Amino acid sequence: MLEVVDVDLKGAEPAGEGFAHTFLPGEITVVLGANQSGKTDLCRLIAGLNTRATGRVWLDRQEISQLDSRRRSVSMVYQAFINYPNLTVAQNIGSPLRAQGIELPAREARVADIAERLSIQDYLGRFPHELSGGQQQRVAIARALAKQARVLLLDEPLVNLDFKLREALEVELRDLLHASNTVVVYTSSDPRDAFSLGDQLLLLDGGKKLQSGKPIDVYRQPVDARAMGLLADPCINELKHEAREGALRPEHVFFADDLALRGRSCIAFELTVIACETNGDESFVHGEVAGAQWVMRCDGIRRPRLGSRVSVKALEQDVIWF
Amino acid sequence: MLPLLTNKRWLKVTAFKPHNNRAWLGVLPVFLIVGFSAVIPLMTVVNYSVQDILDFNSRFFVGFQWYRDTLNDARFVDAFIRQIGFSATVLAVEIPLGIAVAKGISKTSRMTPIVLVLLALPLLIPWNVVGTIWLMFARPDIGLLGVLINAAGFSYNYTADPLHAWLTLVAMDVWHWTSLVALLSFAGLTSIPAPYYQAAELDGARAWQVFRYVELPRLRGVLVIAVLLRLMDSFMIYTEPFVLTGGGPGNSTTFLTQYLATMAVGQFDLGPAAAFSVLYFLFILLFCWLFYTMVMRNDER
Amino acid sequence: MAKIALDKVSFTYPSADKATLANLSLQIAQGESHALLGASGAGKTTLLNVLSGLLQPSSGQIFFDDIEVSQLSGRQRQVAQVFQFPVLYESLNVADNLAFPLRVQKLTKSKVNARVDYICGELGLDAVRQAKPKSLSLFEKQLVAVGKALVRPDVSLVLLDEPLTAVEPKIKWRLRQTLRKVQAEFGVTMIYVTHDQTEALTFADRVSVLTADGIVQTDTPQAVYQSPAHEFVGHFVGSPGMNFVPADVLSIPGAQRVGFRSEWASLVTRAPLMGVIKRQRVQGTRKGKVYGLVTVQTAFGPIYVRGDLADGGADAALGTAVGVQVDRYVAFANQQKVAESDRL
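So, how was this worked out
Residues numbered from 1 in each chain as written. Chains lettered and ligands numbered in written order. Predicted model: local features only at pLDDT ≥ 70, side-chain atom pairs only at ≥ 80, totals over all residues. Helix = DSSP H or I, 4+ residues; strand = E, 2+ residues; numbered from the N terminus. Buried ≥ 20, exposed ≤ 12 C-beta atoms within 10 Å, placed from the backbone. Contact = placed C-beta atoms within 7 Å. Pairing = 2+ DSSP bridges. Axes fitted to C-alpha atoms, helices over the stretch in contact; angles between N-to-C directions. Nonpolar A, V, L, I, M, F, W, Y, C, P; charged D, E, K, R; others polar. Domains from an automatic or database assignment. pLDDT = per-residue confidence, 0-100. Core = buried A, V, L, I, M, F, W, Y, C linked by C-beta atoms within 7 Å. Expected span 1.5 Å × (residues − 1). Arc of directions from axis to C-beta.

### As for the overall build of chain C
Stage number 1. Tallying secondary structure elements over chain C gives nine helices and 19 strands in all.
Stage number 2. If you line up chain C on its principal axes, its C-alpha atoms span 75 × 50 × 35 Å.
Stage number 3. Looking at chain C residue by residue over its 344 residues, the buried ones come to 48%.
Stage number 4. In chain C, the proportion of contacts linking residues at least 24 apart, taken out of those at least 6 apart, comes to 62%.

### Brief notes about the overall build of chain A
Stage number 1. Check the secondary structure of chain A and you find eight helices and 18 strands.
Stage number 2. Projecting the C-alpha coordinates of chain A onto the three principal axes gives extents of approximately 70 × 50 × 30 Å.
Stage number 3. For chain A, buried positions account for 45% of its 322 residues.

### Observations concerning the sheet that holds strand E18 (residues 330-333) of chain C
Residues and elements named next belong to chain C.
Stage number 1. If you walk across this open sheet you meet the four strands as E11-E12-E18-E19, and the pairing is antiparallel. Either end of the sheet is taken by a strand with one partner, and the two such strands are strand E11 (243-246) and strand E19 (336-340). For this sheet, the mean inter-axis angle between neighbouring strands, taken without regard to orientation, is 35°.
Stage number 2. Note that E11 and strand E12 (residues 257-260) share four bridges and pair antiparallel. Bridged to Phe244 within E12 is Gly259.

### A look at the interface of chain C and chain A
Stage number 1. Facing the 31 residues of chain C at the interface are 25 residues of chain A.
Stage number 2. Within the residue set of the side of chain C that touches chain A, elements represented by two or more residues are helix H6 (172-186), helix H7 (197-203), helix H8 (221-226) and strand E14 (273-286) of chain C.
Stage number 3. The biggest single contributor to the side of chain C that touches chain A is E14(C), with five residues.
Stage number 4. A breakdown of the residues in the side of chain C that touches chain A according to their chemical character gives 10 nonpolar, 13 polar and eight charged.

### Points about unusual backbone geometry
Trans peptide bonds make up most of the peptide bonds, and negative phi angles are found at most residues other than glycine.
Stage number 1. Along the chain, A:Asp233 connects to A:Pro234 via a cis peptide bond; the corresponding omega equals 0°.
Stage number 2. Within the secondary structure, A:Pro234 sits in the loop between helix H8 (225-230) and strand E11 (237-241).
Stage number 3. The linkage connecting C:Ser239 with the following residue, C:Pro240, adopts the cis geometry, with an omega of 0°.
Stage number 4. Here C:Pro240 shows up in the loop between helix H9 (231-236) and E11.
Stage number 5. With phi around 50°, C:Lys8 is a residue other than glycine that occupies positive phi space.
Stage number 6. Of note, C:Lys8 is situated in strand E1 (residues 4-11).

### Side note on the domain arrangement of chain C
Residue and element names in this part refer to chain C.
Stage number 1. If you check the domain split of chain C, you get domain 1 (4-235) and domain 2 (240-340).
Stage number 2. Each of domain 1 and domain 2 was reduced to a C-alpha centroid, and the two centroids are 38 Å apart.
Stage number 3. Taken together, the contact between domain 1 and domain 2 spans seven residues of the former and 11 residues of the latter.
Stage number 4. For the side of domain 1 that touches domain 2, the residue count by class is two nonpolar, four polar and one charged.

### A short note on the interface of chain C and chain B
Stage number 1. At the interface, 16 residues of chain C touch 12 residues of chain B.
Stage number 2. Counting only elements with at least two residues in the side of chain C that touches chain B, the list comes to helix H2 (74-77), strand E6 (79-82) and helix H3 (94-104) of chain C.
Stage number 3. Partitioned by chemical class, the residues of the side of chain C that touches chain B number 10 nonpolar, four polar and two charged.

### Observations regarding the confidence of the model for chain A
Stage number 1. Per-chain confidence: chain A averages 89 in pLDDT, with 100% of residues scoring 70 or above.
Stage number 2. Within chain A, strand E3 (residues 28-32) of chain A carries the highest mean pLDDT (95), whereas helix H5 (residues 163-179) of chain A carries the lowest (81).

### A closer look at the sheet that holds strand E7 (residues 157-161) of chain C
Residues and elements named next belong to chain C.
Stage number 1. Spatial strand order, E6-E7-E8-E3-E9-E10: six strands in an open sheet with mixed pairing. Two strands lie at the open edges of the sheet, namely E6 and strand E10 (214-219), each paired on one side alone. In this sheet, neighbouring strand axes are inclined to one another by 20° on average, regardless of whether the strands run parallel or antiparallel.
Stage number 2. Sheet analysis places E7 next to strand E8 (residues 190-194), joined by four bridges and oriented parallel. Residue Val158 lies in a different strand from E8, and its bridge partner there is Met190.
Stage number 3. Across the sheet, helix H5 (residues 138-150) touches E6 and E7, and the angle it forms with E6 is around 175°.

### Some remarks on the nonpolar core
One broad trend across soluble globular proteins is that nonpolar side chains are buried collectively.
Stage number 1. Within the largest apolar cluster, 111 residues are counted, with the highest numbers of intra-cluster contacts made by A:Ile46, A:Ala142, A:Leu153 and A:Val185.
Stage number 2. When residues in this core are grouped by element, the largest group, seven residues, is from helix H4 (residues 133-146) of chain A.
Stage number 3. Once residues within four sequence positions are removed from consideration, A:Leu153 is found in contact with A:Cys43, A:Ile46, A:Ala47, A:Val74, A:Met76 and A:Val185.
Stage number 4. In this structure, C:Leu24, C:Val50, C:Phe100 and C:Cys120 belong to the second largest nonpolar core, which totals 80 residues.

### Points about helix H4 (residues 109-123) of chain C
Residues and elements named next belong to chain C.
Stage number 1. End to end, H4 covers 21 Å across 15 residues, agreeing with the expected 21 Å (1.5 Å per residue, within 8%).
Stage number 2. The set of residues buried in H4 consists of Val112, Val116, Ile119 and Cys120. Projection of H4 onto a plane perpendicular to its axis shows the buried side chains occupying an angular sector of 100°, all on one side. Turned more than 90 degrees from where H4 packs its buried face, Ser110, Lys111 and Gly121 sit exposed.

### Notes on the domain arrangement of chain A
Residue and element names in this part refer to chain A.
Stage number 1. Examined at the domain level, chain A breaks down into domain 1 (2-226) and domain 2 (232-321).
Stage number 2. Computed from C-alpha coordinates alone, the two centres of domain 1 and domain 2 are separated by 36 Å.
Stage number 3. A per-class count over the side of domain 1 that touches domain 2 returns three nonpolar, no polar and one charged.

### Looking at the pairing of strand E7 (residues 151-155) of chain A
Residue and element names in this part refer to chain A.
Stage number 1. Buried residues dominate E7, accounting for five of its five residues.
Stage number 2. By the alternation rule, side chains of E7 split into Val151, Leu153 and Asp155 and Leu152 and Leu154, which are all buried.
Stage number 3. As defined by bridge partners, strand E6 (residues 74-77) adjoins E7 across four bridges and the pair is classed as parallel. From the neighbouring strand, Val74 faces E7, where its bridge partner is Val151.
Stage number 4. Pairing between E7 and strand E8 (residues 183-188): five bridges, direction parallel.

### Comments concerning the confidence of the model for chain C
Residues and elements named next belong to chain C.
Stage number 1. Chain-level pLDDT for chain C is 90 on average; 99% of the residues reach the 70-or-more range.
Stage number 2. Looking across chain C, the model is least confident in H6, with a mean pLDDT of 87, and most confident in E11, with 95.
Stage number 3. Scoring the predicted complex yields pTM 0.81 and, for the interface, ipTM 0.85.

Take a look at the structure:
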C-alpha cells in the first residue's frame, strides 16, 4: 500500500494544506489530468526524483520520504522511450537485476520470462535504436517490471505511440500489470485510459486532487464541472436551465428521432451544426446550442449538413447539475 | 536510470521545502575559480592604476591621474582608432566570407568531414607561428606571395608601405580566423530542417531569397557568437602583428596591445599601463555589451 | 487546381533492394479532398515526396490535368505543401509570409494585397496580420502555413503531411474543419497524408489505404469502414479493428475468413461462435445503461463486441459462456473481399 500525505504538486501552498491519497497493491490507479496538472510531479515525488512537488510518502506503513530514490522500491516508465543506448535489449532488461546483485543464470531466466510476456523475446540481442518506437517502449516497460519493485509508475507511457500500437499495448499492459501484486500508478490525459486501464481513478487539477474513486462512479457523480470535463471525450456540454447550471456528456445527446428515447422524460435542444468528425465507429458532431459550444458523440458515420439546425434530445436523468 | 544529480542529498531536501538556499553552495566553486582567475588579478591592476608606486615602501595615491593622462595621450588615441579600424575591417571581411565558405560546403558529401578538418587547420596553428609564416610568405624578396605580387606588376613591400602592411595584416587575420566563422555557420546551416528549404522551393523563392529569409534568420544565433568572438579577439590582437610588422612601418600598425606592451614592459610605467589596461578592458566590455543589446533589442521588436 | 493521375508509379531508394512504392495507380478528381491513410513504414512520406516533385519516380508516370509532370520540379508542378510542423519565414510577419509566394511571382501590389486580405478573412487571421510567427501559438502558425499553401491562385495541388501532429488534441478538430471548409470553398485538390483514421475519414471525400504492398483500397470513408476491400483495411481502420474468424464457423461458403465489426455483433446465449467473457471495458452510460466493449475469448482469439455490458460491467460477468451472434459481415478469400452481407 502506498500512501501520500500532505501533497502539494506545485510546491506553492504552506505545509498542512496538501491532499492525501492511498494507492492499493494489485490495482491500477489512473491519474487523469490536463497538461501541467502535476501528474508528472506526483510520479517524481513518489519516486524521490527532483521535483517542485512537496509531500510525504509512505510505503507499506514505512515513511520513505527521506529515502534516496535508488533505495525506494519504485520503478518508473517515462513518456519518452528511455533505454540505455549502448546496451542490448537483454542487458537493458537485466540492468536492474544486475544492480540488485542477481547472478547471471537467474538473471537470464528472468529476462527471458519478462521479454516473452512483452513479446520482445526475438529482439534480445538488438540495440534499442534498431527497434521501432513501440518495441522501444516495451523494452522500457520490461526493464521497469524486471526490477520487481513494489510500486510501478507509468508516466503517459503510450502517448508517443501510433494509435494502433497503443491499442494493442494497452490491452497487454492491463493483463500484465494485474498479474503482479504491485501498486501501479498510470498517468494520462486521455479519458479513455481511465476506463480501459483503471481500477481506480484519481483526478488532478492545477496540482490538487479533484476527485477519486472507481472510474464509473466518478463518471456518474463528478464533484464539479472540471471533474466531469476531465472524464469527457472530447469535452462537456454546458447548459443553463431555470437558473441552474448543468452539463451533459457528449454521448448523452441524441438526435430527436432516436426511437429508444420514446416515452422517457427528455429535454429538447436546437443544435446548429458547425463540424462533423468521424473515426468510422463513432461520429462527433460539433455545434452551437444557445450560444454555447456543444459536441455530440454518436454511433456510426453521421454527417448532418454544416450550418443546418437539428433537434436533439437528452434524457433528464443524464443531466448533471452543479 | 535515474539522473545522476538526484543522488545528491542536498537536492533531495528541496522536495520538501519550497525554498532552499543550499543550491547556492553548488555554485560556490565557480565563484572561487572566477575570483582567482579574473577578479583578483583585475583588482591588482585597478590598485596599480590609482597609485604611483616607486618601490614597495613608497607609494602615492594619485586618483584618476593615470586615466586622464592615458585618455589625453595622442598615441593612445591613434592606436585606439587604428584598433577600431582593424577590428571593423576584419569583421567586415570574415563574417560574409565565412558564411560564403560555409554555404559552399556540401552537407551530404562523403568528403565533408575532411573538408571540415582542413578548414579547422589554421585554427590549430599557434599565433606566433602564424606571424612567422606570413613574415616569410609575404616578403617581397623571397616570400612566395610577395614575389608573385611584385611579378604581377604591383610594387609591394609590407615593411615599407603602411597600406601594404595593413593589407597584409588583414589578409593574415582573415586567413587565420575565417574558418572559425565558416565552421560556426556550417553548424548553423546544417541545423535547418529540410522542410524549410522544400517550402521555399515550392514557394518559388530564388537562391538569394532562400538565403535572406530562410538561412540568415536561423543563422542569427551562431553569427552573434561569431561576431562577439571575433570582435573580442581582434581587439586584443598582439602576437601576429608583433611578429609580422612589429607595429611598423612607423606606428602605422601599432594597435592597443602593442602600445600597452611598450609602456608596461619597455618603459616600466606600471601606473599608466595599469590605467590603460583597465580602460582597455572596459572598452571591450562596452563594445560587446553594445553589440549584444543592439541585437537583443532588434530581436524584441 | 488539377486532377491528378498516377500510372504505375514505382520508387526505389538508390541504396535499397526493395521498392518503397511499387506500381501505384491512383486517380484523384479535380477539387477532391483525398486522404492517404497508412501505418508508419507504408511509404506515405515517399509517395508524398514523389507527388511534390522532391523525388522523381523510378518508373511510371504522374499526370496533372493530363500533362505528364513526372520529371518536373514541385515548383513547375505548382504544388504547395503543409508540413508536420509549421514552416514559416520567421523574420517576416503573417501578412508578409502570406504574400511571399505571390511577390516571388511578381504580381502587382494591389493583387497581392487583395489576395492576402481574402486569405486572412477566410482563415480568420485578420487579428494577427502584423504578428511575427514567434508570437503565435502552434495552432495559429499552422493556420498561417495553410494560408500560405492556398494563397497562390494557380496552385494545382495542396499536399498536407500530417499537419495536425503538433496541434493540441482538443483543438485539432477546429483546424480540420477550417481545412475542410476552405477546401470546399476554394475547390482545390488536396491530398492529406496521415496514420490517424479520424483525420482521414473526417477530412476526405475519398480515402486510399496504403500498405507496404501498395494501395489496398480507395473509396469513400463510409465504404472503407463498412466494406473493407482487404483484411488489412478492416484491421487498420476502426478502434478496435475488425474481428476475424474462419468462414466455416459461420457457414459462409466461398470464403476463407469472415470479418465483422464490434458493433455488428451481439451477445446471445447460444450461437455457432461460442466463447467466455474475458473482459468488459466500460465506455460510459447510454440511456441509463452501462455500455462498452466486451472481449469474448473464443477458439479463434479474442472477439470484441460493442454494446450494453452484462451486470453493469461488474467483474461477476467474467468467465460466463456466451455466444456471439454476427448480424453483418464481410467475407474474405486470400485477404481480398469476396462478399458482404446486406445491411440489416
